[in-house]
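Analysis of the macromolecular model
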Amino acid sequence: MKAKGWRDLPPGSVVLEGGSAVKFKTGSWRAFRPVWIEENCIQCLFCWIYCPDMAIKTKDGKRAEFDYDYCKGCGICALECPGKKGKKAIEMAEEGK
Amino acid sequence: MAKVVAVTGNEACANALRQVNPDVCGIYPITPQTDMMQRFASYISDGKVDTESILVESEHSSMSACIGAAAAGGRVVTATSSQGLALMWEMLHIASGDRLPIVMPVVNRALSAPLNIHGDHSDAMGARDTGWIQIWSENAQESYDNVIQAFRIGEHMDIRLPVMVCLDGFIISHSIERMEYLEDQEVKDFVGPFRNFLPLLDLDKPKSYGPLILTDLYHEYKRAQHEIMTKVKDVVLNVAKDFEKLSGRKYGLFETYRLEDADIAIVILNSAAGTTKDVIDEFREKGIKAGLIKPRLFRPFPYEEMAEALKNTKAVCVMDRADSFGGYGPLFMEVSSALYPLGNRPLLTNKIYGLGGRDYLPSHAAQVLTELNQIAQSGKVSVLKEYIGVRE
Amino acid sequence: MATPLTLKELSKKEDRFTHGHRMCSGCGAPIVVKIALMATDYPVVISNATGCLEVSSCISEFTAWNVPWIHTAFENAAATLSGVETMYRSLRKQGKMDKDVKFIAFGGDGGTYDIGFQSLSGAMERGHDMIYICYDNGAYMNTGIQRSSATPLGADTTTCPAGSVIPGKLRSRKNLTKIMAAHDIPYVAQASPSHWQDLARKVQKAHEIKGPKFINVIAPCNRGWRSKTNDAIALSRLAVNTCYWPLYEIENGVTKITVTPKEKIPVAEFMKPQGRFKHLFAPENEDLLRQVQEEVDREWAKLQKEAKTD
Ligand SMILES: Cc1ncc(C[n+]2csc(CCOP(=O)(O)OP(=O)(O)O)c2C)c(N)n1
Ligand code: SF4
Ligand code: SF4
Ligand code: SF4
Ligand SMILES: [Mg+2]
């Protein structure tokens, strides 16, 4: 993309499109990757509410896959996940391994 | 039909604001501005305007709130002086950078220290690089007329910039003067309804005001901001033309007085121009071709027009009611920049006068004109920058 | 009908604060913001003080805010929002707007306890209809972890570093929540992202109360606290369970503790995982650590006395 020249800028540097940060992917920041183990999931949605990066998708009120385009790999979801019978439904794995 | 009244500069400005009927105003006291917004507050209390006031706890908050209100989408005013303007400094840049057409009368007063409540131009001159349009006024009539025109200029869709209207503290703000008011309806029609531009309160199109802009674009944003300023002169002149049709009073980028054939000239802002004009008349009677320029639009500064107006003079004194310690007076710096491109330019001097409300007397003007006359004849300037009216 | 505060229902709503923001991995502040914004269905307009949240959420043409948002400077989120809110009232009065709109200011502790304190106090006293939410991470994080008046006693920051002579910050935190309560505004609360429902309920409730409201929310910062990227929620929960950060509200002058820990655990448990308190566990700083505990105990006892627990 060609960088903008001074004539192409919105007046007053106002950002005209709400939520446009979705175009900025932060997934490459990740050193560890959360992995969802669906069979241990009790659908409590704690992972979803505590994720600082809105990187856990939901559908019809249920947890779906991670959104790796944005997940920064902090591990909050894994730490907070209660899982089932002592077995976590999220595990952190080293990225690229 | 115009109505002749005898009022102070503050009262005239407050009345202009009443006639414009802004949506929101920020109010905070500071001498000599205080009674302007006090008067406006009573218009609010008496239901004479629709304005919602914000009775802020500081001028910093006043300008912050004005920025919030203007970004929200509506007509916004406040007024200040001196320390108040200084406290706003950070926010002045944000008002202009965000392109918000706030109108603010500035009742010029000296800056501390030492503390002084009287008129000089240190406050507004310190704000000259904040990206605001600055319009200066000689008397109550001009202050009133300029406040009304400021809305049309700042809110023009090609401009959208904040405007300061400067008038001299006490000398104009507190002296009663005979002047003419326009009818309320005339002002209302002249200013027109506020036209929105990127309002924050447009809930369906959420916008973000005030992003972080780093090295990739900041330079471009500032270039774009300068470009807007280059369009201001034309808008000021067009608005002035319309205003003349309405009021019969003529305004330009600056006023010239007996300048056409002048050999020597004084450039001076605001109220002191009146005194100077009288002394110029005396010198003319003695056969000395003296003239004057009183700048009106100081930001953006009309460099080419100023050079054109002064090109046939032999010697010019730029008189500053503010100083840049270790430099020249701020008006001098502009005028000398304007004249530099001329192949044949007048000799220049810079006099600092009237700081902290020190009287500017006809004898001072006479002293300057006498010296200019000598310079014009001898072709020599002995002292370039000098304080006048100062005790040794 | 407001969306019920259940995760199932809330998860069906569109994000008002989106991914693609650039806060550090594991930062507590975006968790506070997302919960606060999902707690209401009203249209909201946001004002944001300069700080980590602001610089990371709106950069060039990328904004994480899917609601109207304004940042002007560091010390004036409340004043700026008071202007927006006043324009809204003016336009409504003139019949130029008809929707019910709610207003929220977000400021960090530096922008709230310190440099923005006057602006906040002024806006609250003037009675603007807004919620001011402070996300308190206990230091000026954006500029590199400098001490603020919210920095806890004993903490190591870059301007009050724990050295061989001075063991970090020697002053206690300013109790801003109580100071805001002293403004006699209709609603003041303290909340934590760990207790998401309590936080959401407080925001939801505050929106229904007319006038100025203040909510102080602890927001762990793993960079400044020198903790792990995964412990923002765990640490904020410990802050609550140690009574370092009690969850309470003061509604029209009536204090209520909204979450009482089952067992009040020693504040050291909250401090141990944080590098900024590491030096306090050295034998020579025993006294300071004791002082921290005493202070927590004293404040908690005071609060319990004030509160009418259900
Ligand atoms: C008037 C002014 N002084 C200083 C700064 C520099 N500054 C920007 S953000 C910041 C720290 C913000 O701290 P806080 O409010 O606690 O928010 P945090 O970054 O911790 O989230 C400072 C000191 C500024 N932008 N403006
Ligand atoms: S690792 Fe962090 S960013 Fe990624 S999904 Fe889990 S909580 Fe969200
Ligand atoms: S926290 Fe764990 S158990 Fe709960 S929804 Fe997420 S993955 Fe499933
Ligand atoms: S420095 Fe701290 S508060 Fe700032 S973004 Fe990083 S984790 Fe969050
Ligand atoms: Mg902070």
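Structural data are supplied above this passage.
These notes cover the structure that comes with them. (Residues numbered from 1 in each chain as written. Chains lettered and ligands numbered in written order. Predicted model: local features only at pLDDT ≥ 70, side-chain atom pairs only at ≥ 80, totals over all residues. Heavy atoms only, no water.)

**Section: the site of ligand 4**
This is how it is decided: To be near a molecule or strand, a residue needs just one of its heavy atoms within 4 Å of it. Residues were grouped as follows: Ala, Val, Leu, Ile, Met, Phe, Trp, Tyr, Cys and Pro as nonpolar; Asp, Glu, Lys and Arg as charged; and all remaining residues, including Gly, as polar.
Neighbouring ligand 4 are the residues M23, C24, C27, C52, N137, C221 and R223 of chain C. Partitioned by chemical class, the residues of the shell around ligand 4 number 5 nonpolar, 1 polar and 1 charged.

**With respect to the interface of chain A and chain B**
Interface size, as often reported, equals the accessible area lost upon joining of the parts. Note the following rule: The contact rule is simple, with two residues in contact once any of their heavy atoms fall within 4.5 Å. Summed over both partners, the accessible area lost on bringing two parts together, with a 1.4 Å probe, is the buried area. Salt bridges are counted wherever a side-chain nitrogen of Lys or Arg sits within 4 Å of a carboxyl oxygen of Asp or Glu.
Taken together, the contact pairs 13 residues of chain A with 16 residues of chain B. Both faces considered, chain A and chain B share a buried interface measuring about 1,300 Å² in area, 72% of it formed by carbon and sulfur atoms. Inspection of the chain A/chain B interface yields 0 salt bridges. Its residues placed into classes, the side of chain A that touches chain B shows 7 nonpolar, 4 polar and 2 charged.

**Remarks on unusual backbone geometry**
Negative phi is the rule for most residues except glycine; trans is the rule for most peptide bonds. Condition: Think of it this way: any DSSP run of H or I at least four residues long counts as a helix, any run of E at least two long counts as a strand, and we number them from the N terminus. Only protein chains enter the area calculation, which uses a 1.4 Å probe; residues under 20% of their type maximum are buried, those over 50% are exposed, and those in between are partly exposed.
Between T31 of chain B and P32 of chain B the backbone carries a cis peptide bond, its omega angle lying at 0°. Looking at the element boundaries, P32 of chain B is found in the loop between β2 (24–26) and α2 (34–45). In this structure, P300 of chain B follows R299 of chain B across a cis peptide bond, with omega equal to -5°. Mapping P300 of chain B onto the fold places it in the loop between β13 (297–299) and α11 (303–310). Residue F170 of chain B is not a glycine yet carries a positive backbone phi of 65°. Tracing the sequence through the fold places F170 of chain B in the loop between β7 (163–168) and β8 (177–181). Judged by relative accessible area, F170 of chain B falls into the partly exposed class, the value being 21%. Backbone geometry at C243 of chain C places phi at a positive 70°, although glycine is not the residue there. Structurally, C243 of chain C can be placed in the loop between α10 (232–241) and β9 (247–251).

**So, the site of ligand 1**
What counts here: Within 3.5 Å is the distance limit for a polar contact, defined as a pair of N or O atoms, with the added protein rule that one can donate a hydrogen and the other accept it, and that residues adjacent in sequence qualify only through two side-chain atoms. Here the open area of atoms and residues is found with the Shrake-Rupley method and a 1.4 Å probe, where only the protein chains shown may cover a residue.
The immediate surroundings of ligand 1 are formed by 18 residues, with G110, G111, Y135, M141 and N142 of chain C found nearest. Ligand 1 is flanked by residues contributed from chains B and C. In the environment of ligand 1, an oxygen atom lies 2.9 Å from a nitrogen or oxygen atom belonging to the backbone of C52 of chain C. N137 of chain C has a polar side-chain atom sitting 3.1 Å from an oxygen atom of ligand 1. When ligand 1 is considered free in solution it has 590 Å² of accessible area, and contact with the protein chains removes 77% of it. Within the shell around ligand 1, the residues separate by chemical class into 7 nonpolar, 8 polar and 3 charged.

**A few points about the interface of chain C and chain B**
Defined as follows: Only when DSSP finds a minimum of two bridges between them are two strands counted as paired.
Opposite the 42 residues of chain C that make contact, chain B presents 41 residues. Between chain C and chain B, the buried area comes to about 3,100 Å², and carbon and sulfur atoms account for 62% of it. Of the charged contacts, one joins E52 of chain B and R89 of chain C as a salt bridge, the two residues approaching to 3.0 Å between their closest N and O atoms. Where the side of chain C that touches chain B is concerned, the elements lending two or more residues are α3 (52–57), β2 (58–59), β4 (69–70), α4 (77–93) and α6 (117–126) of chain C. Residue contributions to the side of chain C that touches chain B peak at 12 residues, all from α4 of chain C. Sheet topology note: the strand β9 (residues 208–209) of chain B/β4 of chain C ladder contains 2 bridges and is parallel. Within β4 of chain C, the residue paired with S208 of chain B across the bridge is W69 of chain C.

**Structural notes on the sheet that holds strand β11 (residues 264–268) of chain B**
All names here are of chain B. What counts, and what does not: In this description, a line fitted to the C-alpha atoms serves as the axis of each element, helices being fitted only across the stretch in contact, and the angle between N-to-C directions of two axes falls anywhere from 0 to 180 degrees.
With mixed pairing, 6 strands are arranged side by side in an open sheet as β10-β12-β11-β14-β15-β16. What marks the edges here is a single partner per strand, and that holds for β10 (254–257) and β16 (385–387). The sheet shows a mean angle of 20° between the axes of neighbouring strands, direction not considered. The pairing of strand β14 (residues 315–320) with strand β15 (residues 347–352) spans 6 bridges and is classified as parallel. Residue pairing across strands places M319 opposite K351, the latter belonging to β15. Packing of helix α13 (residues 362–378) onto the sheet brings it into contact with β11, β12 (290–295), β14, β15 and β16, and relative to β11 it is tilted by some 135°.

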